[in-house]
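Below are the chains, spelled out letter by letter.
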Amino acid sequence: MPKKKYVKGVINYDNKNFNVKIRIRGDFPPNFKYGLKNSSLRINTINNEKILGKKKFSLVRPFLELGFYGFIYYKFMDQFVISNDYKFVKVELNGKQNGIFVFQEGFASELLESNNKINGLIFRFENDCQDNNLDPINSKYNLGEFPEISIYQSKLMTKNENLSKQFLYAKRSYDKMATREINVDSCLDIKLFAKIIAISEIFDSHHTFQCHNTKLYFNPETKLFDPIAWDPQ
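Draft legend 1. Representation of the nonpolar core. Counting 20 residues, the largest nonpolar core has Phe123, Phe125, Tyr174 and Phe225 as its most contacted members. Among the elements that make up this core, the one with the highest residue count is helix H4 (residues 161-178) (five residues). Ignoring any residue separated from it by four or fewer positions in sequence, one finds Phe125 in contact with Pro147, Glu148, Ile149, Tyr174, Cys211, Thr214 and Leu216. Ranked by size, the runner-up nonpolar core spans 19 residues in total, among them Met77, Leu111, Leu112 and Trp230.

Draft legend 2. Main features of the sheet that holds strand S6 (residues 86-93). Strand order across the open sheet formed by six strands is S1-S2-S3-S4-S7-S6, with antiparallel pairing between neighbours. Of all strands in the sheet, those bounded by a partner on one side alone are strand S1 (7-13) and S6. Within this sheet the neighbouring strands show an average axis-to-axis angle of 40°, counted without direction. As judged from the four bridges shared by strand S3 (residues 41-45) and strand S4 (residues 56-60), these two strands associate in the antiparallel manner. Across the sheet, residue Ile43 finds its bridge partner in S4, namely Phe57.

Draft legend 3. Expanded view of the layout of surface pockets. Roughly 1600 Å³ of internal volume is contained in the largest pocket. Looking at the lining of the largest pocket, the elements that each hand over two or more residues are strand S2 (16-24), S3, helix H2 (109-114), strand S8 (121-125) and helix H3 (154-158). Considering only residue class, the lining of the largest pocket consists of 11 nonpolar, 16 polar and 17 charged. Lining the second largest pocket are 31 residues, with Val10, Ile11, Leu59, Val91 and Glu92 positioned closest to its centre. Of all the secondary structure elements, the ones that give two or more residues to the lining of the second largest pocket are S1, S2, S3, S4, S6 and strand S7 (96-105). When residues of the lining of the second largest pocket are assigned to their parent elements, the largest contribution, six residues, is made by S1. Looking at the lining of the second largest pocket residue by residue, the classes come out as 18 nonpolar, seven polar and six charged.

Draft legend 4. Spotlight on the environment of Ile228. In this fold, Ile228 is placed in strand S11 (residues 224-229). Under the relative-accessibility criterion, Ile228 is labelled buried at 3%. Separated by 14 residues in the primary sequence, Ile228 and Thr214 have C-alpha atoms spaced 7.5 Å apart. Those residues within four positions of Ile228 in sequence are excluded, and the remaining contacts are Ile82, Asn84, Phe107, Leu111, Ile122, Ile196, Lys215, Leu216 and Tyr217.

Draft legend 5. Here's a closer look at the pairing of S3. Across the five residues of S3, five count as buried, placing the element largely inside the fold. Alternating residues of S3 divide into Leu41, Ile43 and Thr45 and Arg42 and Asn44, and every residue in both groups is buried. When S2 meets S3, the two strands line up antiparallel, connected through five bridges. Bridge pairing links Lys21 to Asn44 in S3.

Draft legend 6. Main features of the packing of helix H1 (residues 67-77) against helix H5 (residues 190-203). At a closest axis distance of 11 Å, the pairing of H1 and H5 adopts a crossing angle of 155°. Relative to H5, the element H1 is oriented roughly antiparallel. The element H1 and its partner H5 pack so that their crossing is right-handed. Across from Tyr69, Ile72, Tyr73, Phe76 and Met77 in H1, the residues of H5 making contact are Ile196, Ile199, Ser200, Ile202 and Phe203. Of the residues that constitute the contact of H1 with H5, the class distribution is nine nonpolar, one polar and no charged.

Reading the values: the criteria
- Residues numbered from 1 in each chain as written.
- Predicted model: local features only at pLDDT ≥ 70, side-chain atom pairs only at ≥ 80, totals over all residues.
- Heavy atoms only, no water.
- Core = buried A, V, L, I, M, F, W, Y, C linked by side-chain atoms within 4.5 Å.
- Buried < 20%, exposed > 50% of the residue type's maximum accessible area, 1.4 Å probe, protein only.
- Helix = DSSP H or I, 4+ residues; strand = E, 2+ residues; numbered from the N terminus.
- Contact = heavy atoms within 4.5 Å.
- Pairing = 2+ DSSP bridges.
- Axes fitted to C-alpha atoms, helices over the stretch in contact; angles between N-to-C directions.
- 1 Å grid on protein atoms, 1.4 Å probe; cavity = no way out; pocket = protein on both sides within 12 Å on 5 of 7 lines; lining within 4 Å.
- Points joined across faces, edges and corners; volume = space filled by probe spheres on them.
- Nonpolar A, V, L, I, M, F, W, Y, C, P; charged D, E, K, R; others polar.
- Parallel < 35°, antiparallel > 145°, perpendicular 65-115°, else oblique.
- Left-handed = near helix turned anticlockwise from the far one by under 90°.

Below you can see the structure in the form of structure tokens.
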């Protein structure tokens, strides 16, 4: 697959040019094997400018995100748990019409703002739940199918003392859950996880729960991890 290296580009939206960084998104071959005009793209704006209210987003062909069914999934989830914004947009590539794409926001502060959450950290799993390459004796991860976690806003955290404290608390709580020093409900918001699991059963969207798709928001008010609806394919 192509290397995920950002390159500079320009997006014109609403008669205004925005300087951006662009790279290929996704490991699944259909994200990139049909040429640039059909590739899934991850885009970050430069200088904190926003396109459709977002500084980080993706452009993806609808069939990769279940099309209108995916739209319904995210809009329905939005009533119960954190859910990414999902819109259909017309795209031109180098001045030529390039059809319809899904505009999907990334994991940044705008996602929390649009879901009425206070500023906090968004986590993902660093490795796979079934990873057996770690030391079976000395490693505290994966023995009980608990992978390591990392955050999206690492640069932001280093500049913000409050977020740094949140990270240390969240990481410590997760580690204690992984080693069974505390119960699961002392680390995860069980009611919200029950909701997202139940709704995903209705939508047959079990892909959401694959390890590499799991996204978590550490809620500074409850001191618990909340689930984020993502990738129902």
